[in-house]
Amino acid sequence: GYLYPKNGGYELGSDNYGDNKQKERRISVFAETSNTVFDSIQLSFTLELEYFKSDYDENGTKSTLWDEWTVYPSMSVMWPLKRDIIQFSISTYKEYPTYWALNPYLYQVNPYTFEIGNPLLKPSTYYDFDFLYIINKQYTINAYTYFMKDYFAQLPYQNAEELRNYNQTVNFDYSLSCGVDGEFPFNIGFWEPTLSGSLFYNRNKMSDFHNLSFNRDKFMFSVSAYNTFIVSEKTNLKFTLNAEYMSKGIQGIYDLSDGYNLEIGMKWAILKNLIFTAKWSDILERWNGFPATTNFNNQHLKWDQKSFNKFNASLVWRIGGFKAKEVEMTDIQRMQR
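A quick note: this is a predicted structure, and the numbers were derived from the prediction, not measured. (Residues numbered from 1 in each chain as written. Predicted model: local features only at pLDDT ≥ 70, side-chain atom pairs only at ≥ 80, totals over all residues. Heavy atoms only, no water.)

### A word on the sheet that holds strand β11 (residues 164-171)
Either a parallel or an antiparallel arrangement is found when strands of a sheet pair, and the pairing is made through backbone hydrogen bonds. Spelled out, the test is: Any two strands with at least two DSSP bridges between them are considered paired. Strands here are runs of E lasting at least two residues and helices are runs of H or I lasting at least four, both read from the DSSP assignment and numbered beginning at the N terminus. With axes taken as lines fitted to C-alpha atoms, and helix axes fitted only over the stretch in contact, angles between N-to-C directions fall between 0 and 180 degrees.
The four strands lie next to each other as β6-β7-β11-β10, forming an open sheet whose pairing is mixed. Either end of the sheet is taken by a strand with one partner, and the two such strands are β6 (106-110) and β10 (152-159). For this sheet, the mean inter-axis angle between neighbouring strands, taken without regard to orientation, is 25°. Relative to β11, strand β7 (residues 113-116) is paired through four bridges, and the arrangement is parallel. Among the inter-strand pairings, Glu115 is bridged to a residue of β11, identified as Asn167.

Structure representation (structure tokens):
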């Protein structure tokens, strides 16, 4: 339920307040089975059937937002070979918008920019397909496809008649992402590098965006190198040097800038029970994908957001003689699907 002042006013009279109520009903049935076939292949299958209904009351005007049945199947397969492992999984699940995205209140950021809630937002339904191949129990190659029906994200809209820019979280028709990535760790004496890379394709589609529509796609890639240098195993003195790069991307009508990150760190056991750690992240201050620009159907906007580097340090003293209390473990396997 939402009770809020209309038009940003501060009057106390009841007539000056909007009264919105949203009621949701969710009923679901869930089943799960798992087994091992051919002595080594592990199979797991789950199925959830859900009924979901949402009613909306806006100042006494009642409506039904959605009333639907949904099936959520999930399956996982793990096939351990002599030195390799093959894993395949299909999962489906739902993600709900936050309270602040649903709140219908209009918030003025500055004379030209407003934040608007969207009580008509639908939850997003995710369909994930993953294929993972672990080589020699060390190197990994992963291929995936993520399809997000009713995907929601905040987008800007410029109203030329009012000279205003509105930011609102909206539902896309869908968002699609598919690609392949890999991770390859090595060990060269005191140097332990891990190289990783990803190539993926992203598409966003929305049929009704303030009487406009968009259907945009883009190929993107990312690369990274994580390096650990072991100076002394006796004192556990280690230094890290990590570098990452992400190419330009899209989100709805936004064009996101590329980003790169450089960070250094260290770990040092000064004494047996006294450990010092430190990390300096985003040294170049370019890891947030900004500026983000919009140049779409008379919508022109540049949004810049400063990125700050961050330094963390900690000194931990471990007090000996502690023994954890033995407790009976709870079976949480059902909640880990």
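Anyway, onward from the coordinates.
### Points about the sheet that holds strand β16 (residues 249-251)
The sheet built from four strands is open, its strands ordered β16-β17-β20-β21 with antiparallel pairing. Bordering the open sheet on either side are β16 and β21 (299-303), each of which pairs with just one other strand. Neighbour to neighbour, the strand axes of the sheet diverge by 25° on average, direction disregarded.

### Remarks on the environment of Ser224
To keep it simple, the criterion reads: Here a polar contact is taken to be a pair of N or O atoms separated by no more than 3.5 Å, where protein atoms must pair a possible hydrogen donor with a possible acceptor and residues adjacent in sequence count only if both atoms sit in side chains.
Here Ser224 is to be found in strand β14 (residues 212-232). When the C-alpha atoms of Ser224 and Trp79 are compared, they prove to be 29 Å apart, with 145 residues separating the residues in sequence. Within the structure, Ser224 has its side chain in polar contact with the side chain of Ser196 (distance 2.3 Å).

### What about a nonpolar patch on the surface?
As a reminder of what qualifies: For patches, a residue must show more than 30% relative accessible area and have no salt bridge; joins then use 9 Å for like charges and 5 Å for nonpolar side chains, namely Val, Leu, Ile, Met, Phe, Trp and Tyr. Note on areas: Shrake-Rupley with a 1.4 Å probe; residue coverage comes only from the protein chains shown. The working definition used for a salt bridge is a side-chain nitrogen of Lys or Arg within 4 Å of a carboxyl oxygen of Asp or Glu. Buried residues are those whose accessible area, probed at 1.4 Å on protein chains only, stays under 20% of the maximum for their type, while exposed residues exceed 50% and partly exposed ones sit between those limits.
A cluster of nonpolar side chains, namely Ile141, Val180, Phe184, Phe186, Ile188, Phe190, Trp191, Leu195, Leu199, Phe221 and Val223, defines an oily patch on the protein surface of about 960 Å² accessible area. Looking at the nonpolar patch, the elements with two or more residues in it are β12 (174-185), β13 (191-209) and β14. Note that Phe184 resides in strand β12. For Phe184, a relative accessible area of 32% gives the class partly exposed.

### Here's the deal with the side chain of Asn20
With respect to the element layout, Asn20 can be found in strand β2 (residues 17-37). Of the polar contacts made by the side chain of Asn20, one reaches the side chain of Tyr56; its length is 2.5 Å.

### A short note on the packing of aromatic side chains
How two aromatic rings sit relative to each other is given by the distance of their centres and the angle of their planes. What counts is decided by this rule: Two rings from Phe, Tyr or Trp (for Trp, the six-membered ring) form a pair when their centres sit within 6.5 Å of each other. Planes less than 30 degrees apart are called stacked, planes more than 60 degrees apart edge-to-face, and all others tilted.
Under the criterion given, the structure shown has 21 aromatic pairs. Note on Phe214 and Phe296: the rings are 6.3 Å apart at their centroids and 85° apart in plane angle, and the pair reads as edge-to-face. In this pair, Phe214 sits in strand β14 while Phe296 sits in strand β20 (residues 292-296), placing the two residues 82 residues apart along the sequence. The class for Phe296 is buried, based on a relative accessible area of 16%.

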